[in-house]
Amino acid sequence: MYSKEELKEQEINIDSLERATNAMEKRLSERSKDFSQFFFTAKIKFTEVQKQLTADEALVEIIRLRNFDQALTNESRYVALVVTQNNPQPELVILENGVDMEKTSFKVYRKSMVNKVNDEQSYTKYWEPLEPELKGKKKIYISLDGVYNQLSLYTLKEPGGDFLINQYDIYLLSS
């Protein structure tokens, strides 16, 4: 920090700097309001999305939730919201034990990919719980979170069956 004498020597006027700073903050705030009004007016309702889906399409939003016990813990779980054309509301699929999904099960998945070993266990862990909500669907629009961002859904293989990529047209969306 400069002393008053040093500021005077350097010809620095604190009052004019404060006025300039306040004016800049005001302009920035006004621009931010304009931006936020433009950006946030485009909220889309569930029903609007639902109307865009055909009978053979589904939208899946995967969400990672950290457990809360008086504070956020390292434990987590995953939920999936599945939107289809005919359901009056999104279906909720709860995927318990996120810690296992992120650690042990993910290590199994990763090793099987590196070693090019058949892995039907990962399908069971990461995709099978969603299957009841996706019956009869061909196109899946999906937004991933957490460990799902580290998986390639296309490599998941149904036990005794085929790869997901051969069962669905999967379109990855950003969150």
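The structure we're discussing is the one just above.
Starting afresh in each chain, residues are numbered from 1 along the sequence in its written order. Thresholds applied to this predicted model are a pLDDT of at least 70 for local features of residues and 80 or more for the giving and counting of side-chain atom pairs; totals over whole chains, interfaces and linings are not thresholded and use all residues. Heavy atoms from the whole structure form the basis of all side-chain values; hydrogens and water molecules are not counted.

A. Representation of the overall build of the protein in the model. Secondary structure counts use DSSP, requiring at least four H or I residues in a row for a helix and at least two E residues in a row for a strand, with both numbered from the N terminus. What the protein contains, in helices and strands, is 8 helices and 5 strands. Counting from the amino terminus, helix and strand elements in the protein follow one another as α-α-α-β-β-β-α-α-α-α-β-α-β. Throughout, exposure labels follow a simple rule: accessible area from a 1.4 Å probe, protein chains only, divided by the maximum for the residue type, with under 20% read as buried, over 50% as exposed, and the rest as partly exposed. Counting over 175 residues, the protein shows a buried share of 25%. Residues count as neighbours in contact if any of their non-hydrogen atoms are within 4.5 Å of one another. For the protein, long-range pairs separated by at least 24 residues make up 60% of all intrachain contacts whose partners lie at least 6 apart in sequence.

B. Local environment of helix α5 (residues 104–114). Looking at α5, one finds that the buried residues are S105, F106, Y109 and S112. End-on view of α5: buried residues confined to an arc of 130 degrees, all on one side of the axis. Within α5, the exposed residues directed more than 90 degrees away from the buried face are K107, K111 and V114. Trailing α5 by a residue or two, K116 shows a phi angle of about 55 degrees, which is positive. The arc in question is the one spanned by the directions pointing from the helix axis to the C-beta atoms.

C. A nonpolar patch on the surface, seen in detail. Each patch is built from salt-bridge-free residues with over 30% relative accessible area, joining like charges within 9 Å and nonpolar side chains (Val, Leu, Ile, Met, Phe, Trp, Tyr) within 5 Å. In these tables, accessible area is a Shrake-Rupley quantity obtained with a 1.4 Å probe, and a residue counts as shielded only by the protein chains included in the view. Just to be clear on terms, a salt bridge is a Lys or Arg side-chain nitrogen sitting within 4 Å of an Asp or Glu carboxyl oxygen. Taken together, the side chains of Y154, F163, I165 and L172 present a nonpolar region at the surface, about 350 Å² in accessible area. Considering the arrangement of structural elements, one finds I165 in helix α8 (residues 164–167). In this structure I165 comes out as partly exposed when scored by relative accessible area, which is 45%.

D. Focus on the pairing of strand β3 (residues 91–95). Note on pairing: DSSP must find at least two bridges between two strands before they are called paired. As defined by bridge partners, strand β2 (residues 72–84) adjoins β3 across 5 bridges and the pair is classed as antiparallel. Paired with V79 across the bridge in β3 is I94.

E. Broad picture of unusual backbone geometry. At N97, a position not held by glycine, the phi torsion is positive, near 60 degrees. With respect to the secondary-structure elements, N97 resides in the loop between β3 and α4 (98–102). In this structure N97 comes out as partly exposed when scored by relative accessible area, which is 43%.

F. Region of interest: the side chain of S112. When you line up the elements, S112 lands in helix α5. Residue S112 is classed as buried on the basis of its relative accessible area, which comes to 7%. With near-sequence residues (within four places) excluded, S112 lies in contact with V117 and D119.

G. Spotlight on the environment of D100. Here D100 shows up in helix α4. In this structure the C-alpha to C-alpha distance between D100 and E75, which are 25 residues apart in sequence, comes to 9.5 Å. Not counting chain neighbours up to four residues away, the residues in contact with D100 comprise S105, F106 and K125. Of the polar contacts made by the side chain of D100, one reaches the side chain of K125; its length is 2.8 Å. Here a polar contact is recorded for every N or O atom pair within 3.5 Å, except that within protein the pair must consist of a potential hydrogen donor and a potential acceptor, and residues adjacent in sequence are included only if both atoms are side-chain atoms.

H. Examining the sheet that holds β3 more closely. Reading across the sheet, the 5 strands line up as β3-β2-β1-β4-β5 and stay open at both edges, with mixed pairing between neighbours. Among the strands making up the open sheet, the edge pair consists of β3 and β5 (169–173). Strand-to-strand, the axes of this sheet are offset by a mean angle of 25 degrees, without reference to chain direction. Bridge count between strand β1 (residues 57–68) and β2: 10 bridges; the pairing is antiparallel. For helices, the fitted axis covers only the stretch in contact; all axes are lines through C-alpha atoms, and the angles between them, taken along N-to-C directions, range from 0 to 180 degrees.

I. Representation of the nonpolar core within the structure. Buried Ala, Val, Leu, Ile, Met, Phe, Trp, Tyr and Cys residues that are joined via side-chain atoms within 4.5 Å together make up what is termed a nonpolar core. By size, the foremost hydrophobic cluster in this structure holds 27 residues, and its most contacted members are V60, I62, W127, L134, I142, Y148 and L153. Looking at this core, the elements that each hand over two or more residues are β1, β2, β3, α5, α6 (121–126) and β4 (139–143). Non-local contacts of I142, meaning those with residues more than four positions away in its chain, are made with V60, I62, W127, L153, I170, Y171, L172 and L173.

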